[in-house]
Amino acid sequence: MEKNYIIPIAEEKINGLYNLWFNNGFDNEDNVDVDKTLLSGSEKNINQINLYSIERDSEFLSSVILIFPKDNPTISGLGEVCTRIDSRGRNYASSLCKLARDDFFSKSNAEGNFLGTVNPVAAKIYEKLGWKKITNSLVMFNSVNNISFDNFVEQNYISSEKLNISEGSPYFRLPLIPFVLSNKKFIYSDINVGILGELESSYCLSLYDKFDSLLKRNGNWYCMHNLNNQIYGISTYQEEKPKIYRIDGFNNHIYKNDFHNLLDKTIKSILEKDPLKIYVDVLMDDKYKYETFSELNFFQDSKVTHKIDNNCEKGFYRMILDFK
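Residues numbered from 1 in each chain as written. Predicted model: local features only at pLDDT ≥ 70, side-chain atom pairs only at ≥ 80, totals over all residues. Heavy atoms only, no water.

Draft legend 1. Layout of the overall build of the protein. Of regular secondary structure, the protein possesses nine helices and 16 strands. Computed over its C-alpha atoms, the radius of gyration of the protein comes to 21 Å, within 12% of the 20 Å expected for a compact globule of 324 residues. Taking the principal axes of the C-alpha coordinates as reference, the protein spans close to 65 × 40 × 35 Å. Considering the protein as a whole, with its 324 residues, one finds that 55% of them fall into the buried category. (Helix = DSSP H or I, 4+ residues; strand = E, 2+ residues; numbered from the N terminus. Rg over C-alpha atoms; globule rule 2.2 N^0.38 Å. Buried < 20%, exposed > 50% of the residue type's maximum accessible area, 1.4 Å probe, protein only.)

Draft legend 2. Fine view of the pairing of strand 14 (residues 277-283). With respect to burial, strand 14 is a largely interior element, six of its seven residues being buried. For strand 13 (residues 244-251) and strand 14, the ladder comprises three bridges, and the chain directions are parallel. Note on strand 14: the bridge partner recorded for Ile244 is Lys277. In the classification by handedness, the crossover that spans strand 13, the intervening helix 8 (residues 256-271) and the parallel strand 14 is right-handed. (Pairing = 2+ DSSP bridges. Right-handed = clockwise from strand over helix to strand, strands pointing away.)

Draft legend 3. The arrangement of the sheet that holds strand 16 (residues 312-321) in detail. Read from one edge of the open sheet, seven strands run 8-11-12-13-14-16-15, paired in mixed fashion. Of all the strands in the sheet, the pair left with one neighbour each is strand 8 (164-167) and strand 15 (298-308). For this sheet, the mean inter-axis angle between neighbouring strands, taken without regard to orientation, is 25 degrees. In this sheet, strand 11 (residues 220-225) lies alongside strand 8 in antiparallel orientation, the contact comprising four bridges. Of the residues in strand 11, the one forming a bridge with Ile165 is Met224. (Axes fitted to C-alpha atoms, helices over the stretch in contact; angles between N-to-C directions.)

Draft legend 4. Representation of unusual backbone geometry. Residue Ile7 is joined to Pro8 through a cis peptide bond whose omega torsion reads 15 degrees. You can see Pro8 is positioned in the loop between strand 1 (2-6) and helix 1 (11-22). For Asn91, which is not glycine, the phi torsion reads 65 degrees and is therefore positive. Considering the arrangement of structural elements, one finds Asn91 in the loop between strand 4 (75-83) and helix 3 (92-105).

Draft legend 5. Representation of the pattern of salt bridges in the model. A full pass over the atoms with the stated rule returns 12 salt bridges. Residues Arg84 and Glu59 are paired through a salt bridge, measuring 2.8 Å at the closest nitrogen-oxygen approach. Here Arg84, found in the loop between strand 4 and helix 3, pairs with Glu59, found in strand 3 (residues 59-69); they are 25 residues apart in sequence, far enough to count as distant. Note on Arg84: relative accessible area 16%, which makes it buried. Since its relative accessible area comes to 46%, Glu59 is described here as partly exposed. A salt bridge links Arg246 to Glu240; the shortest N-O distance between them is 3.4 Å. (Salt bridge = Lys/Arg side-chain N within 4 Å of Asp/Glu carboxyl O.)

Draft legend 6. Quick peek at the side chain of Thr117. Here Thr117 lies in the loop between strand 5 (112-116) and helix 4 (120-128). For Thr117, a relative accessible area of 12% translates into the label buried. One polar contact links the side chain of Thr117 to the main-chain amide nitrogen of Asn119, over a distance of 3.1 Å. Contact partners of Thr117, with chain neighbours within four places excluded, come to Ala122, Ala123, Tyr126, Leu138, Met140 and Ser202. (Polar contact = N/O pair within 3.5 Å; in protein donor to acceptor, adjacent residues only side chain to side chain. Contact = heavy atoms within 4.5 Å.)

Draft legend 7. Quick look at the side chain of Asn47. Looking at the secondary structure, you find Asn47 in strand 2 (residues 47-56). The exposure class of Asn47 is buried, given its relative accessible area of 3%. In terms of polar contacts, Asn47 uses its side chain to reach the side chain of Glu43, at 2.7 Å. There is a polar contact of 3.1 Å between the side chain of Asn47 and the backbone oxygen of Pro170. In this structure, Asn47 is in contact with Ile67, Phe68, Pro69, Lys70, Pro170, Arg173 and Leu174, ignoring residues within four places of it in sequence.

Draft legend 8. Molecular detail of the sheet that holds strand 1. Pairing in this open sheet of seven strands is mixed, and the strands run 1-2-3-4-5-7-6 from one edge to the other. The open sheet has two edge strands with one neighbour each: strand 1 and strand 6 (132-133). As paired elements, strand 4 and strand 5 share four bridges and run parallel to each other. Along strand 5, the bridge assignment pairs Ile75 with Gly112. This element, helix 3, spans strand 1, strand 2, strand 3, strand 4, strand 5 and strand 7 (139-143) of the sheet and lies at about 25 degrees to strand 3.

Given below as structure tokens:
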């Protein structure tokens, strides 16, 4: 029987979902984008989370989760698509994905839905339902107006009114997705969260957790954004060693002055911690970022390499801030 819940849900239901996910394809809790805290309603005032399921005798046979911002539900993300092994081949997942898609697209200001997958078989199912692969990624995009992701970006992210700077928060859980994917035409990286633009990745709903994990490393992240929380730049920092901080980030290149302001704010936050050193590692090919940090009194100190996603090793210039 098909069912639809709005999060939060009871602990019994949460445990039932975890039994479904961990016994039918999810390796561990780190692979879950919508974890127990979210299912318990930790963001119920910020993001709406819908659970679509097929159940038999109170056991979950299949699940799909839809999440979108409550204040401005123009974009959404789909995740936790899972069907019990002994129930596959019955179009359960396809039926729930269609239900979630139609539910979101029925909203008056809905524009697009994002879905990440590394499974080519699943991707073919999603394609039949309108999702299209975004170039240079393993994320798919479905639009209520049947436009491509590139056209969506052109219509929404080329220019904006005055930008604000805010500390990272669940308000940016969904806006992170189009921002990161829209920068694919630029060289960009953020070592603090393991992002390298040229790599194909399926990061979708999981992006927020990558940034939020900085708080566990004596770090933080900031966004420059408009009134609709569309993101045009991000800065990050973390404490690599006691009193030694690595700053990083990237932005829409049109907004260089705003990015300067964002980095200035981030540097001031680090200086409050009385650091011994602040540095950034810049991809050797990224002339724009090198120039940006040079303008903020960072100087080249050495060359280093980083392995990102355990499959790509790249060369970086290490630049140190002259703040004393």
